[in-house]
Amino acid sequence: MAHIVGGIATSHVPAIGRATAQKLQGDAYWKPFFDGFPPVRRWIDSVRPDVAVVFYNDHGLNFFLDKMPTFAIGAAPCYTNADEGWGIPQVPAIAGEQALSWHIIESLIGEEFDLTTCQEMNVDHAVTLPMALLWPDQNWPVKIVPVCINTVQFPLPSAKRCFALGEAVGRAIRSWGSHQRVLLLGSGGLSHQLDGERAGFINKSFDLAFMESLVHDPRWATQFDTTQLVEKTGTQGVELLMWLAMRAALGDKVERVHSNYHIPISNTATGLLVLSSPA
Amino acid sequence: MTTKDIPGTTLFDGRQAMKGYALNKMCFSFNSADNRAAFLRDEDAYSALYGLTPPQREAVRARNVLQLIAAGGNVYYLAKLAGIFGLDVQDLGAQQTGVTKEEFKARLLAAAH
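Residues numbered from 1 in each chain as written. Chains lettered and ligands numbered in written order. Predicted model: local features only at pLDDT ≥ 70, side-chain atom pairs only at ≥ 80, totals over all residues.

Trainee: Please give an account of the overall build of chain A that cites residues and values.
Mentor: When helices and strands are tallied, chain A shows nine helices and 10 strands. Taking the principal axes of the C-alpha coordinates as reference, chain A spans close to 45 × 40 × 40 Å. Counting only residues that meet the buried cut, chain A has 56% of its 279 residues in that class. Across chain A, contacts joining residues at least 24 apart in sequence account for 83% of those joining residues at least 6 apart. (Helix = DSSP H or I, 4+ residues; strand = E, 2+ residues; numbered from the N terminus. Buried ≥ 20, exposed ≤ 12 C-beta atoms within 10 Å, placed from the backbone. Contact = placed C-beta atoms within 7 Å.)

Here it is in structure tokens:
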């Protein structure tokens, strides 16, 4: 059976793409953010994943309001990045692990999760930036299965439901008849709000409490409904749902390998958390 | 709809999604460089193509983010419109909160403490 090696959650602020292209990693503004990643890469080298299942939210590249799935999963041979309109450099296409996609689809629909399945899917910065932070040469050593959670159009799926989705994805991976080693990624957050008179909202104490909860009390954030999460984390801070789904997929016990938290990158409080699953 | 519980915040719900459909659809089209160029060549003609409502057209003309949101715009799509004018999310934040970009950045930095 497949083995889950652990999970990584990180922010995906578009400005990271610009900073990377302009090689600003050592710049005073950027250093506290990029310095979080060398330990993550060393950990990845030690756990040698073959596949990454990526929980992310699309920002209007693949999905528009004409058809807006609550939960969508890629089942494509290849995921292409494309122009998002405001110009960050595109990255090479990423190969898909179709066998795992279909195993997850069959397993989750068997558990009564009604997924949208996609055999063609563009992936935006929410997938490509974490990938490029983990593998800066962009010569991807893993195939992926993207799982997209709607954070554009309300009502959003609840934190509780996203946790349940993550748990089901974890069960599916562990029952996959393959010897591949699977890494989980959660992409988004942490607290930030881009729109309205409340733009610029950041909530450090909530972010830190949330990150801590993922280690010791993973269901903690499921006590909040979506409006409460917007109040505590901002309209885009609700992307923490990706972290929650990733954490749920890891199972009961995890160990913290590494974490980083830095305010601000662009309008966002950025977080990074690496959790390993005991063998 | 501004949520009473969260000042300065509009949840992009079904009502906003219906109201803003034409505007958001136009902004979504700006994923294509050809469409961005067409908009810049003739903003009126391009807006007409998507059937923007008068408040949406006026909000686009004014480059006013709060007006765009009130007209049903969603910030994920509005960001693509803002990109055409070279505005980033800190420019948008400063405009919406009525401060300079430097003041807005200082506010963000202050959140670290």
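Trainee: An account of helix H5 (residues 54-62) of chain B is requested, with residue identities and associated values reported.
Mentor: Residues and elements named next belong to chain B. Turning to H5, its buried residues are Gln-56, Ala-59 and Val-60. Looking down the long axis of H5, one finds its buried residues gathered within 100° of arc, a one-sided arrangement. With respect to the buried face of H5, the exposed residues turned more than 90 degrees away are Pro-54 and Ala-62. Residues of H5 that are buried in the fold lie against helix H2 (21-29), helix H4 (43-49) and helix H6 (65-70). Looking at the residues trailing H5, positive phi occurs at Arg-63, about 50°. (Arc of directions from axis to C-beta.)

Trainee: Provide a residue-level description of the environment of Thr-100 of chain B, including the pertinent values.
Mentor: Residues and elements named next belong to chain B. Here Thr-100 shows up in the loop between helix H8 (89-97) and helix H9 (101-110). Using a count of 10 C-beta atoms within 10 Å as the deciding quantity, one classes Thr-100 as exposed. On a C-alpha basis, the gap between Thr-100 and Ala-17 in space is 30 Å, while along the polypeptide they are 83 residues apart.

Trainee: Provide a residue-level description of the interface of chain A and chain B, including the pertinent values.
Mentor: With 31 residues of chain A in contact, the opposing surface of chain B contributes 38 residues. Where the side of chain A that touches chain B is concerned, the elements lending two or more residues are helix H8 (226-233) and strand S9 (255-265) of chain A. Per element, the largest residue contribution to the side of chain A that touches chain B is three residues, and it comes from H8 of chain A. Looking at the side of chain A that touches chain B, its residues break down into 13 nonpolar, 11 polar and seven charged. (Nonpolar A, V, L, I, M, F, W, Y, C, P; charged D, E, K, R; others polar.)

Trainee: I'd like to hear about helix H4 (residues 98-110) of chain A, residue by residue, with values.
Mentor: All names here are of chain A. The end-to-end C-alpha distance of H4, which contains 13 residues, comes to 18 Å, matching closely the 18 Å that a straight helix rising 1.5 Å per residue would cover. Listing the buried residues of H4 in full gives Leu-100, Ser-101, Ile-104 and Leu-108. Looking down the long axis of H4, one finds its buried residues gathered within 105° of arc, a one-sided arrangement. More than 90 degrees from the buried face of H4, the exposed residues found are Glu-106 and Gly-110. Positive phi appears at Glu-112, one or two residues downstream of H4, with a value of about 75°. (Expected span 1.5 Å × (residues − 1).)

Trainee: Which residues make up the sheet that holds strand S10 (residues 268-276) of chain A, and what are the values?
Mentor: Picture the strands of a sheet paired through backbone hydrogen bonds; they go either parallel or antiparallel. Residue and element names in this part refer to chain A. The sheet built from eight strands is open, its strands ordered S6-S3-S7-S2-S8-S1-S10-S9 with mixed pairing. The outermost strands of the open sheet, each flanked by one partner alone, are strand S6 (116-118) and S9. Looking at each pair of strands side by side, their axes are set apart by 15° on average, direction ignored. With five bridges connecting them, strand S1 (residues 3-10) and S10 associate as antiparallel partners. For Gly-6, the partnering residue across the bridge sits in S10 and is Ser-276. Strand contacts of helix H3 (residues 38-47): S1, strand S8 (181-187), S9 and S10, with the helix running at about 150° to S9, the strand carrying the most contacts. Helix H9 (residues 240-249) rests against S1, strand S2 (51-56), strand S7 (143-149) and S8 of the sheet, and its axis sits at about 155° to S8. (Pairing = 2+ DSSP bridges. Axes fitted to C-alpha atoms, helices over the stretch in contact; angles between N-to-C directions.)

Trainee: Quick one: what's the story with the pairing of S9 of chain A, residue by residue and with numbers?
Mentor: Residue and element names in this part refer to chain A. Bridge count between S9 and S10: eight bridges; the pairing is antiparallel. The partner of Ser-259 across the bridge, within S10, is Leu-273. From the end of S9 to the start of S10, which pair antiparallel, there are two residues, and Ser-266 there has a positive phi angle of about 55°.

Trainee: Outline the confidence of the model for chain B, listing residues and values.
Mentor: For chain B, per-residue confidence averages 95 on the pLDDT scale, and residues scoring 70 or more make up 96% of the total. Both confidence scores are given for the complex: pTM 0.97, ipTM 0.95. (pLDDT = per-residue confidence, 0-100.)

Trainee: Tell me about the packing of H4 of chain A against helix H6 (residues 159-174) of chain A, residues and numbers included.
Mentor: All names here are of chain A. Axis separation between H4 and H6 bottoms out at 9 Å; the angle between their running directions is 125°. Relative to H6, H4 is oriented oblique. As H4 runs across H6, the sense of the crossing is right-handed. Across from His-103, Ile-104, Ser-107 and Leu-108 in H4, the residues of H6 making contact are Ala-168, Val-169, Arg-171 and Ala-172. Tallied by class, the residues present in the contact of H4 with H6 amount to five nonpolar, two polar and one charged. (Parallel < 35°, antiparallel > 145°, perpendicular 65-115°, else oblique. Left-handed = near helix turned anticlockwise from the far one by under 90°.)

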